[in-house]
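One letter stands for each residue in the lines below.
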Amino acid sequence: DGGITQSPKYLFRKEGQNVTLSCEQNLNHDAMYWYRQDPGQGLRLIYYSQIVNDFQKGDIAEGYSVSREKKESFPLTVTSAQKNPTAFYLCASSMVHESSYEQYFGPGTRLTVT
Amino acid sequence: AQKVTQAQTEISVVEKEDVTLDCVYETRDTTYYLFWYKQPPSGELVFLIRRNSFDEQNEISGRYSWNFQKSTSSFNFTITASQVVDSAVYFCALSARAYSGAGSYQLTFGKGTKLSVIP
């Protein structure tokens, strides 16, 4: 079955540590996205990638980094510079980076930093 | 700039009641797309519908229906004969052609409406 995989479902880290969240898709989509969701809030875009080896900052990129070495994979690193990293992180993909295409989402990773 | 407002933060209904979730959007563009997503307690967002700005026909899919009115910039979602499985957070989202292209695309989400269907 085609879909988006995010692992792990829950992640716990100590403050000051970098942590990498994985996102894999087998939908053959060109575009991939990372969102952050806080309680009672909508989704906010962190980074997106239209094509392999290319990515762009979203609204809240500070304290995060990404890579896109393969079409299927778009890992997100939450660095120690991110001041409030505890949140629910969602990865998404779409056929192409166009406004008309719907995005499909993974199950999310809930990150807790203490 | 574009904006999506879901004024209803939380709604509770008794099973089998009809419920309408409101969505009001703002954009300067004449070509845009509207979406609804469902987020059940598991957390994954599920795509429900996409609508383009040139198609104001209402759409029905089983117990779900959507009312798109450009005159009021609204794209409301109605669930008929609600069921417990409909309990979730529902997000309305907007994307506009002017934001497409390298470095500028963005899908804007509302803050969501939490629907609780009570048995």
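See the structure above.
Residues numbered from 1 in each chain as written. Chains lettered and ligands numbered in written order. Predicted model: local features only at pLDDT ≥ 70, side-chain atom pairs only at ≥ 80, totals over all residues. Heavy atoms only, no water.

Novice: Which residues make up the overall build of chain B, and what are the values?
Specialist: Within chain B, the regular secondary structure consists of zero helices and 12 strands. For 119 residues, the compact-globule formula gives about 14 Å, and the C-alpha radius of gyration of chain B, at 14 Å, lands near that figure. Considered along the principal axes of its C-alpha atoms, chain B spans approximately 45 × 30 × 20 Å. Here chain B holds 119 residues, and the buried ones make up 45% of them. Residue pairs in contact within chain B that sit at least 24 positions apart in sequence constitute 58% of those at least 6 positions apart. Counting every atom, chain B has about 5700 Å² of accessible surface; 49% of that belongs to carbon and sulfur. Across chain B, the 11 positively charged side chains and the 12 negatively charged ones have centroids separated by 5 Å. (Helix = DSSP H or I, 4+ residues; strand = E, 2+ residues; numbered from the N terminus. Rg over C-alpha atoms; globule rule 2.2 N^0.38 Å. Buried < 20%, exposed > 50% of the residue type's maximum accessible area, 1.4 Å probe, protein only. Contact = heavy atoms within 4.5 Å. Areas by Shrake-Rupley, 256 points an atom, 1.4 Å probe, with all protein chains shown as cover. Lys, Arg positive; Asp, Glu negative; His and termini not counted. Charge placed at Lys NZ, Arg CZ, Asp CG, Glu CD.)

Novice: I'd like to hear about the state of the cysteines, residue by residue, with values.
Specialist: Residue and element names in this part refer to chain B. Applying the stated criterion to the full structure yields two disulfides over all chains. Cys23 shares a disulfide with Cys92; S-S distance 2.0 Å. Disulfide Cys23-Cys92: the torsion about the S-S bond is -65 degrees, which places it as left-handed. You can see Cys23 sitting in the loop between β3 (19-21) and β4 (24-26) and its partner Cys92 sitting in strand β10 (residues 88-96), a full 69 residues away along the chain. Residue classification places Cys23 among the buried residues on the basis of a relative accessible area of 0%. (Disulfide = S-S within 2.5 Å.)

Novice: Can you break down the sheet that holds strand β1 (residues 4-7) of chain A residue by residue, with the values?
Specialist: Residue and element names in this part refer to chain A. Taken in spatial order, the four strands line up as β1-β3-β8-β7 in an open sheet, and their pairing is antiparallel. The sheet terminates laterally at β1 and β7 (64-66), the two strands that pair on one side only. Here the average twist between neighbouring strands, direction ignored, is 20 degrees. As defined by bridge partners, β1 adjoins strand β3 (residues 19-25) across four bridges and the pair is classed as antiparallel. When the sheet's bridge partners are listed, Ser7 is paired in β3 with Ser22. (Pairing = 2+ DSSP bridges. Axes fitted to C-alpha atoms, helices over the stretch in contact; angles between N-to-C directions.)

Novice: Talk me through the layout of surface pockets; I want residue IDs and the actual numbers.
Specialist: Approximately 570 Å³ is the volume attributed to the largest pocket. Lining the largest pocket are 27 residues, with A:Gln37, A:Pro39, A:Gly40, B:Gln39 and B:Val89 positioned closest to its centre. Going through the elements one at a time, β9 (87-94) and β11 (109-113) of chain A together with β10 and β12 (113-118) of chain B are the ones with two or more residues in the lining of the largest pocket. Top contributing element to the lining of the largest pocket by residue count: β12(B), with four residues. The residue inventory of the lining of the largest pocket, partitioned by class, reads 10 nonpolar, 12 polar and five charged. Considering only residue class, the lining of the second largest pocket consists of four nonpolar, two polar and four charged. (1 Å grid on protein atoms, 1.4 Å probe; cavity = no way out; pocket = protein on both sides within 12 Å on 5 of 7 lines; lining within 4 Å. Points joined across faces, edges and corners; volume = space filled by probe spheres on them. Nonpolar A, V, L, I, M, F, W, Y, C, P; charged D, E, K, R; others polar.)

Novice: Can you tell me about the interface of chain A and chain B, naming the residues and giving the values?
Specialist: Buried accessible area, meaning the area lost when the parts come together, often serves as the stated size of an interface. Between chain A and chain B, the residue contacts involve 26 residues of the former and 25 residues of the latter. Interface area for chain A against chain B, summed over the two sides, is near 2000 Å², with a carbon-plus-sulfur share of 51%. Looking at the side of chain A that touches chain B, the elements with two or more residues in it are β4 (31-37), β5 (43-51), β9 and β10 (104-105) of chain A. Top element by residues in the side of chain A that touches chain B is β5(A). It accounts for four residues. (Buried area = accessible area lost by both parts, 1.4 Å probe.)

Novice: An account of the pattern of salt bridges is needed here, citing residue identities and associated values.
Specialist: Applying the stated rule across the entire model yields seven salt bridges over all chains. We note a salt bridge from A:Asp30 to A:Lys71, for which the minimum N-O separation is 3.4 Å. With a gap of 41 residues between them, A:Asp30 in the loop between β3 and β4 and A:Lys71 in the loop between β7 and β8 (76-78) connect regions that are remote in the sequence. Of the residues examined, A:Asp30 reaches a relative accessible area of 30% and is grouped as partly exposed. Judged by relative accessible area, which is 23%, A:Lys71 ranks as partly exposed. The shortest N-O distance in the salt bridge between B:Arg51 and B:Asp55 comes to 3.4 Å. Judged by relative accessible area, B:Arg51 falls into the buried class, the value being 8%. Among the ionic contacts, a cluster of salt bridges with common partners joins A:Arg36, A:Asp38 and A:Arg44. (Salt bridge = Lys/Arg side-chain N within 4 Å of Asp/Glu carboxyl O.)

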